[in-house]
Amino acid sequence: MKWNSLLLSEFFSPASAQEEVWLHTTRDELDSFGIHLGGAAGLVEAVSAGAPWLPSGIETCAEAALLLASQRKDRFLAASVYIDPGTSNVDYVDARAPTYLPILALWVLASSEGQGKGFYAEVESLLGKGSRFPNTGVVTNAMSHAWQDLEAWSIRECSGRFGIFRRRVLGAHCYVGLPRSQCLISRTDEHNLKRLFAELHLRPGEKLTPQLLVRLLADGRDAQFLSIALRIAMGDKSYEDPLHTQLQRLLDSWDGLKPRYTHATGTSNQAKGVEVGPSEGELVTLVLSESDDVENGWDVRWRIQAPTDNRFCIMRLVGQSVPARFHAAESTFVTAPAELHRKSCNDALVLAATAAVEVVVAFDDESGGSMEEVRRSFHIPCSARRTLCWNTVDPQYGDYLVERDIPLFGPSYVLCSPGVEASTRRWMQAEGIDFQTVPSSGLPDSWWLACIPLSERLSASQRQYLSDAADPANVPAARIRLVGGRPLLRGGARIFAAYDLPFVDIEAPDNSRIEAPGLALEEVLPKEGGESKALTKRFVIKHLADLRGAFDIKVLVGSHPLAEARLRIAYGDGEGRGQTKSYSIGNLGQSRSDEEGLRGTTIGLNVLDARREVGGYPETANFDDVLTQSIEDAGTAKFLNSLGRLGTIAYGAARDELRRQCVDADPMPLLMDLRARGFLEIQTDAKGHVVRVHSVEPSLYELPTLFSGLAVAGVAGTLTLPQWARLRACNELLVSAEGQGRGFLPVVRVAAESLDKIRQASKAIGFQFSTAPAISIATWSGSVEDARRTFARDSWEHFATKLSNLHRMKWHSAQFSSAVSEQMTIDREIGAQLFRFDDPQAWPLQLYVLGTRDQAGNSRYSHIHDSRWGTWISVLAFARLMCEKYERRDALPWPFPYDPKTRDLWLPARMRPPSVLERTLCLCSGFGAEVHFLRTGEAINDRLPMLSQNVRVIGFVSLVYEGFFPAHWLRFRDVPVEVASIVASRLGGELDSITSIAGSKLQPTTTA
């Protein structure tokens, strides 16, 4: 059912309304959008397993599809366990959506790969030994009825609200021609067709007349950068109608820009029509800002598309580390204009005039919580002449010049190296182009900068020359760009996640107007008293008026359209619909669409009120109100106030508000800390990407500690500002608040004569009360073995896809290192390996896959929604090898460093506990995990010393941690031995006393 749900959302979502839909399920496509379910191999296994309610004895998948189609139309034929897609996705409630899509997708896959052995034999080959799919009347009739049912459902029953599917037959074989018609244009072809559009000077949204289509097909047949299959189809008259439909869809969604293409004459890649060189997301582009240090001069800076939501990253430019700051206006990192880095930025510009320059970008893995540095490779493209224009209006960061295509209107700039300055100047004079030389102080020696005040006067050929383009590009009358947001690739189209919508940038004449039915657009204006130097207008999408998945944006003069773009929106289950759905997390941290799991400090609908986990609690000496300002002034408290009033916030909106309220902190660590301490819940999608944040009922909960004989409780839940004030004003409670730094929410605890007093006070101020939630949640949590079995149930056998930015985890240190190959390979000695790579649909988000190998050498791969489980499974596999093969008895059970005197539990940040167990540990003290950078020294009696930054000994740990120094470690405070033991056992370990030096006290370097 997972595959059927995925295929529905990929091809038949509301974003496809009234557009023709093609079930394009080639191996490349399946390995892209279905990579978390095993790609093509996972689909085949799902079809082989069949729908769980189907009776046994069905001979072929065609007969299974026919039965599922009959059950869809007539529920009396459906078994009592029939699962309608509408039960799990609100989009399809009462829509009677099909459940046979995986079978149809398999047929499309077979038709795209079966040229050698034939379609029917290829289906049998894919399904494996013992499968039958003969070319008989029973099979072909069943196939025909299934395709016919899909057409009837999409057109007649749903009136196109999930797209329009039409049965089309390509070639002489009507049954084989149906699936073959679905895979005319590959994903690579979709990208390269934009180049063909540009070379033919087509306009975005232009209607393909019969004459224009003939010309496009004729040029496409000779375009070596298109696939052979597509070029053959363009020469076949029977393919003309479906190609017309698909080409029109691509032209409608095109932004008018020609994709970057690196010409490499004679290379094998070019011969195959494959784009070489870095993609758009991997390019480093130039920024020039007016300098504060150089009089009437410029600062040379560089920017990249942001691969993370962090505030900062580091760019390695020509051997020097240059800090870059996140700019929310365009989701980019831009290097800082500092005197210290001016030479490196200028040197990179000079070098890039003659050769591409590699730039390594490093940033902290804030989303994974490992505190490790992540690195990505980018490139400054080689160019001796660059075109720039003013950035769109940006109230926070002001105006600066950015390297970009020449704008349609207003000023543009040309920057030339000494080698092309004279020829460019002569050419511009000969062409009669009006330009002005701009002072070039701050730029590299002898570089020339010129301003063209009226770009609208430039012809297509002049733009081609200035941009060093291979061919003259189309100059549209207006241009619409969708900037930022979270773009996804679905069904061959660019779709934006509902939780992170883009800005709308528009270049258009002054007398034009904008139409966007269903969208509420608000223009971003310059700072008060300021004036933007860019003529491009930027709009923020403030509201979606209805539940549609697609919105048309038009620029018109009178009734004449100048430009048109379609904003397609991908809604997750319940996303963007104003619904506060039931939500909780399961015992492995997985998202649940009910209230039976964990939410805050409660499991299910009942507030935890279990017996205390310890008979007598130790005293704490830390219970002072040390805050210099009220908690209501904290940025995180203001964010919780918004979340508490709304109930749920999409991730993009939550991230942006945290950036506004906590300007010196990264959003994701703040959210992770709030989740770990029970203040909110974070919802992820099927791939593990964060999509939404949910509120939690405010509560007080028992802490296993005393203060001067008083009972102590922590605070959890999504408190509004009035609730914080009400808590602090409660005369029955003694309130303590302690800051954590880095913008994190202060730790608030309360004390009273007894738990009953706290319980009564909690009720009086409208809070829930939980007794000893830490041990209850620890007992309820799943174990590492539970995780292994759960992931194995949804695993697949083969995975041959080439993966981008593939990393594999080292077992002895839990560090990720770049893989030499583009494919996952599991070590033969160790039975588990965790991999990380880029999501093919949503760069730069990443996916995690756990590869396992049994004793017989059989490999299985599983997508991991929480990489922390994968880390523990991999590390324990390494420990098992060390124990069994090398007799390292200290490796299993895995030793958990624990100080019985201070009740501190220590773990490397790379081995951060999974989310449910992390909450267990945080609810012991109310504090998030403290982060300390530790080193080690020479082992004493096979024990490694834990050394703080000032070389004080904290304790001693097992030699299995040798690969975890120097590195960040986590300290969980005030964890009772009973709770620590349960957590250790859940993760395949046991407590190991570190016998810390008495009185040693650490000042945390940061808080996780």
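Note that the coordinates shown come from a computational prediction; the quantities given were computed from them, not determined experimentally. Numbering of residues starts from 1 in each chain and follows the order in which that chain's sequence is written. With the structure being a predicted model, the display of local features is reserved for residues of pLDDT at least 70 and the display and counting of side-chain atom pairs for 80 or more, all residues being used for whole-chain, interface and lining totals. Neither water nor hydrogens contribute to the side-chain values; these are computed over all heavy atoms in the structure.

**Considering the overall build of the protein**
Secondary structure is summarised from DSSP: a helix means a run of H or I of at least four residues, a strand means a run of E of at least two, and numbering begins at the N terminus for each. When its secondary structure is counted, the protein shows 26 helices and 46 strands. Across the 1008 residues in the protein, those meeting the buried criterion constitute 58%. Counting contacts in the protein only where the partners sit at least 6 residues apart, residues at least 24 apart contribute 67% of the total. With residues, only the protein chains shown are counted as cover, and all accessible areas are computed by Shrake-Rupley using a 1.4 Å probe. Counting every atom, the protein has about 40,600 Å² of accessible surface; 49% of that belongs to carbon and sulfur. Buried residues are those whose accessible area, probed at 1.4 Å on protein chains only, stays under 20% of the maximum for their type, while exposed residues exceed 50% and partly exposed ones sit between those limits. Here, residues are in contact when the closest pair of their heavy atoms is within 4.5 Å.

**Observations regarding the confidence of the model for the protein**
Looking at any residue, its pLDDT shows the predictor's confidence there, from 0 to 100. Looking at the protein, pLDDT values average 86 and 90% of them are 70 or higher. Between the elements of the protein, mean pLDDT differs from a low of 33, seen in helix 13 (residues 268-271), to a high of 98, seen in helix 25 (residues 915-922). Scored below 50 in pLDDT, residues 261-279 shows 23 contacts in the model against residues more than four places distant or in partner chains.

**Section: the pattern of salt bridges**
Salt bridges are counted wherever a side-chain nitrogen of Lys or Arg sits within 4 Å of a carboxyl oxygen of Asp or Glu. On inspection of all chains with the given rule, the structure shows 48 salt bridges. A salt bridge links Arg655 to Asp656; the nearest nitrogen and oxygen atoms lie 3.1 Å apart. On the basis of relative accessible area, Arg655 is assigned to the buried category, the value being 7%. Salt-bridge contacts for Arg789 lead to Asp786; the nearest nitrogen and oxygen are separated by 2.6 Å. Placement of the pair is Arg789 and Asp786 together in helix 23 (residues 784-793), with a separation of three residues, close to one helical turn. With relative accessibility at 47%, the residue Arg789 sits in the partly exposed group. A relative accessible area of 26% means that Asp786 is categorised as partly exposed. Three or more residues joined by partner-sharing salt bridges are found here, namely Asp309, Asp500, Arg655, Asp656 and Arg659.

**Observations regarding the packing of helix 23 against helix 24 (residues 867-886)**
Where helix 23 contacts helix 24, the two axes come as close as 10 Å, and the packing angle between them is 105°. Taken together, helix 23 and helix 24 sit at an angle that is classed as roughly perpendicular. Taken together, the residues of helix 24 that come into contact with helix 23 (itself represented by Val784, Glu785, Ala787, Arg788 and Phe791) are Trp869, Trp872, Ile873, Leu876 and Arg880. Geometry is summarised by axes, namely lines fitted to C-alpha atoms with helices restricted to the contacting stretch, and by angles between N-to-C directions that run from 0 to 180 degrees. Any angle that is under 35 degrees is reported as roughly parallel, and any over 145 degrees as roughly antiparallel; angles of 65 to 115 degrees are reported as roughly perpendicular and all others as oblique.

**Some details on the nonpolar core**
To qualify as a nonpolar core, a set must consist of buried Ala, Val, Leu, Ile, Met, Phe, Trp, Tyr and Cys residues joined through side-chain atoms within 4.5 Å. Among the nonpolar cores identified, the biggest contains 77 residues, and Trp894, Met946 and Tyr961 are the most heavily contacted of them. Examining the composition of this core, we find that 10 residues originate from one element, helix 24, more than from any other. Dropping the residues within four chain positions of it, Tyr961 is found in contact with Trp894, Pro895, Phe896, Pro897, Leu907, Pro908, Leu944 and Trp969. Listed in part, the 57 residues of the second largest apolar core include Tyr82, Ala97, Tyr100 and Leu150.

**A look at the environment of Met143**
Here Met143 lies in helix 7 (residues 137-157). Residue classification places Met143 among the buried residues on the basis of a relative accessible area of 0%. Once residues within four sequence positions are removed from consideration, Met143 is found in contact with Ala62, Trp107, Phe119, Tyr120, Phe133 and Tyr175.

**A word on helix 23**
Residues of helix 23 that are buried: Val784, Ala787 and Phe791. The arc that holds the buried residues of helix 23, viewed along the axis, is 55°, so those residues lie on one side. Of the surrounding elements, those touching the buried residues of helix 23 are strand 38 (859-863), helix 24 and helix 26 (977-986). As used here, the arc is the angular range of directions from the helix axis to the C-beta atoms.

**Examining the pairing of strand 38**
In terms of burial, strand 38 is a largely internal element, four of the five residues being buried. Sheet topology places strand 37 (residues 846-853) next to strand 38; five bridges connect them, and they run antiparallel. The partner of Gly851 across the bridge, within strand 38, is Tyr861. What makes two strands pair is DSSP finding at least two bridges between them. Counted between consecutive antiparallel strands, the loop separating strand 37 from strand 38 contains five residues, among which Gly857 sits at a positive phi close to 90°.

**What about the packing of helix 22 (residues 773-780) against helix 26?**
The contact between helix 22 and helix 26 brings their axes to 9 Å, and the two run at 20°. Between helix 22 and helix 26, the angle falls in the class roughly parallel. The way helix 22 lies across helix 26 gives a crossing that is left-handed. Contacts between helix 22 and helix 26 pair Ala774, Ile775, Ala778 and Thr779 from the former with Glu978, Val979, Ile982 and Arg986 from the latter. In terms of residue class, the contact of helix 22 with helix 26 is built from five nonpolar, one polar and two charged. The sense of a crossing depends on the near helix, which, turned anticlockwise from the far helix by less than a right angle, makes the crossing left-handed and, turned clockwise, makes it right-handed. Think of it as three bins: nonpolar holds Ala, Val, Leu, Ile, Met, Phe, Trp, Tyr, Cys and Pro, charged holds Asp, Glu, Lys and Arg, and polar takes everything else, Gly as well.

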